[in-house]
Amino acid sequence: MDKTKILEAFADMAGLNSEEVLKYSSLAILAATQVEAQCKSDVVPSKEPVLVMLCAALVNLWANLASASNDPTGKFSGNGYSITKNSKSQMQTAQALFDRWRMEAAGLLVDEGFAFFASKEIPNEPKK
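Bear in mind the structure is a predicted one, so any value in this text is a computation, not a measurement.

K.L.:
Can you tell me about the overall build of the chain, naming the residues and giving the values?
P.N.:
The secondary structure content of the chain amounts to five helices and two strands. Taken from N to C terminus, the helices and strands of the chain fall in the order α-α-α-α-β-β-α. Taking all 128 residues of the chain together, the buried fraction comes to 27%. For the chain, the proportion of contacts with a sequence separation of at least 24, taken over those separated by at least 6, is 67%. If you sum the accessible surface of the chain, you get close to 9,300 Å²; carbon and sulfur atoms cover 55% of it.

This is how it looks when you write it as structure tokens:
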């Protein structure tokens, strides 16, 4: 997948300019690698725009988790201004966005949470 497209979509999601988003390029590569590994064998990731959005949402989630871990939730007031930071809400919003795009891409991805198991039934021996 195209890292540039992932970063452009992430920049739109996060409201960042092109210079600010460059520091997330390694996360974009990692997201693309992870999503491509989850694709079904008949899917060509570079031809599926929904996967670009899924990668961007994953980068957004990671960026928000990092931000929330560095900036505690709380209020600051001073000089007539009041600033409130709600890290939990920020993370929930990022998770919801990721879940939304993961749902859109579900048909293209392997579901690791579900598996069929085959077993062979052994007939009971007649009692003697």
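K.L.:
I'd like a rundown of the layout of surface pockets, residues and numbers included.
P.N.:
Within this model, the largest pocket holds a volume of roughly 190 Å³. Contributing to the lining of the largest pocket are Val35, Gln38, Leu54, Leu58, Phe98, Arg102, Ala106, Leu109 and Val110. At the level of elements, α3 (25–38), α4 (49–70) and α5 (87–104) are the ones that each hand at least two residues to the lining of the largest pocket. Here the lining of the largest pocket is built from residues that sort into seven nonpolar, one polar and one charged.

K.L.:
An account of the packing of α4 against α5 is needed here, citing residue identities and associated values.
P.N.:
Viewed as axis vectors pointing N to C, α4 and α5 meet at an angle of 165 degrees, and their least axial separation amounts to 9 Å. One finds that α4 runs roughly antiparallel with respect to α5. Considering the relative orientation of α4 and α5, their crossing is left-handed. Across the interface between the two elements, Val50, Met53, Leu54, Ala57, Leu58, Asn60, Leu61, Asn64, Leu65, Ser67 and Ala68 from α4 touch Ser87, Gln90, Met91, Ala94, Gln95, Leu97, Phe98, Trp101, Arg102 and Glu104 from α5.

K.L.:
I'd like a description of the packing of helix α1 (residues 3–14) against α3, backed by residues and values.
P.N.:
Two numbers describe a pair of packed helices, the interaxial angle and the distance between the axes. Running from N to C, α1 and α3 point in directions that differ by 115 degrees, and their axes come no closer than 9 Å. Considering the angle they form, α1 stands roughly perpendicular to α3. Where α1 crosses over α3, the two elements pack in a sense that is right-handed. Across the interface between the two elements, Lys3, Ile6 and Leu7 of α1 pack against Ser25, Ala28, Ile29 and Ala32 of α3.

K.L.:
Which residues make up the packing of aromatic side chains, and what values do they have?
P.N.:
Tallying each qualifying case throughout the model produces one aromatic pair. Ring geometry for Phe10 versus Tyr24: centroids 5.0 Å apart, planes at 70 degrees, classification edge-to-face. With Phe10 in helix α1 and Tyr24 in the loop between α2 (18–21) and α3, this residue pair connects regions lying 14 residues apart in the sequence. Each member of the pair, Phe10 together with Tyr24, is buried.

K.L.:
I'd like a rundown of the nonpolar core, residues and numbers included.
P.N.:
One finds Ile6, Phe10, Leu51, Leu54, Val59 and Leu109 to be the most contacted residues of the largest nonpolar core, which totals 29 residues. Elements with a minimum of two residues in this core: α1, α3, α4 and α5. Per-element accounting of this core gives the leading share, 11 residues, to α4. Residues in contact with Val59, not counting those within four places in the same chain, are Ile6, Phe10, Tyr24, Leu27, Ala28 and Ala31.

K.L.:
Account for the pattern of salt bridges, with residues named and values stated.
P.N.:
Here the structure, examined in full by the defined rule, presents two salt bridges. We note a salt bridge from Arg102 to Asp99, for which the minimum N-O separation is 2.7 Å. Here Arg102 and its partner Asp99 are both found in helix α5, three residues apart, which amounts to about one turn of the helix. Taking the relative accessible area as the measure of exposure, Asp99 reaches 30% and is therefore partly exposed. Across the pair Glu104 and Arg100 runs a salt bridge whose closest N-O atoms are separated by 2.2 Å. Pair noted here: Glu104 and Arg100 are both in helix α5, with a separation of four residues, about one helical turn.

What counts as what
- All residue numbers refer to position in the chain's written sequence, counted from 1.
- The predicted origin of the model limits local features to residues at a pLDDT of at least 70 and limits the giving and counting of side-chain atom pairs to 80 or more, whereas totals for whole chains, interfaces and linings rest on all residues.
- Excluded from the side-chain calculations are hydrogens and water; all other atoms, namely the structure's heavy atoms, are used.
- Helix numbering and strand numbering both begin at the N terminus, where a helix is a DSSP run of H or I of at least 4 residues and a strand a DSSP run of E of at least 2.
- Each residue gets one of three labels from its accessible area relative to the maximum for its type: buried under 20%, exposed over 50%, partly exposed in between, using a 1.4 Å probe on protein chains only.
- Contacts: residue pairs with any heavy atoms within 4.5 Å of one another.
- For accessible areas, the Shrake-Rupley method is used with a probe of radius 1.4 Å. Any residue's cover is judged against the shown protein chains and nothing else.
- The method works on a 1 Å grid over the protein atoms by themselves. A cavity is a set of points holding a 1.4 Å probe that cannot get out, a pocket is an open set with protein on both sides within 12 Å along at least five of seven lines, and residues with an atom within 4 Å of a point line them.
- Grid points are joined across faces, edges and corners, and a volume is the space filled by probe spheres set on the points.
- Under the convention adopted here, Pro, Cys and the residues Ala, Val, Leu, Ile, Met, Phe, Trp and Tyr are nonpolar, Asp, Glu, Lys and Arg are charged, and Gly plus all remaining residues are polar.
- The axes are straight lines fitted to the C-alpha atoms, using for helices just the contacting stretch, and the angles between their N-to-C directions are given from 0 to 180°.
- Oblique is the label for every angle not falling under 35 degrees (roughly parallel), over 145 degrees (roughly antiparallel), or within 65 to 115 degrees (roughly perpendicular).
- Crossing handedness is read from the near helix: turned anticlockwise from the far helix by less than a right angle, it gives a left-handed crossing, and turned clockwise, a right-handed one.
- A pair of aromatic rings is counted whenever rings of Phe, Tyr or Trp (Trp by its six-membered ring) have centres within 6.5 Å, and the orientation is called stacked for planes under 30 degrees apart, edge-to-face for over 60 and tilted otherwise.
- Residues grouped as a nonpolar core are buried Ala, Val, Leu, Ile, Met, Phe, Trp, Tyr and Cys residues, joined through side-chain atoms within 4.5 Å.
- Only one rule defines a salt bridge in this text: a Lys or Arg side-chain nitrogen within 4 Å of an Asp or Glu carboxyl oxygen.

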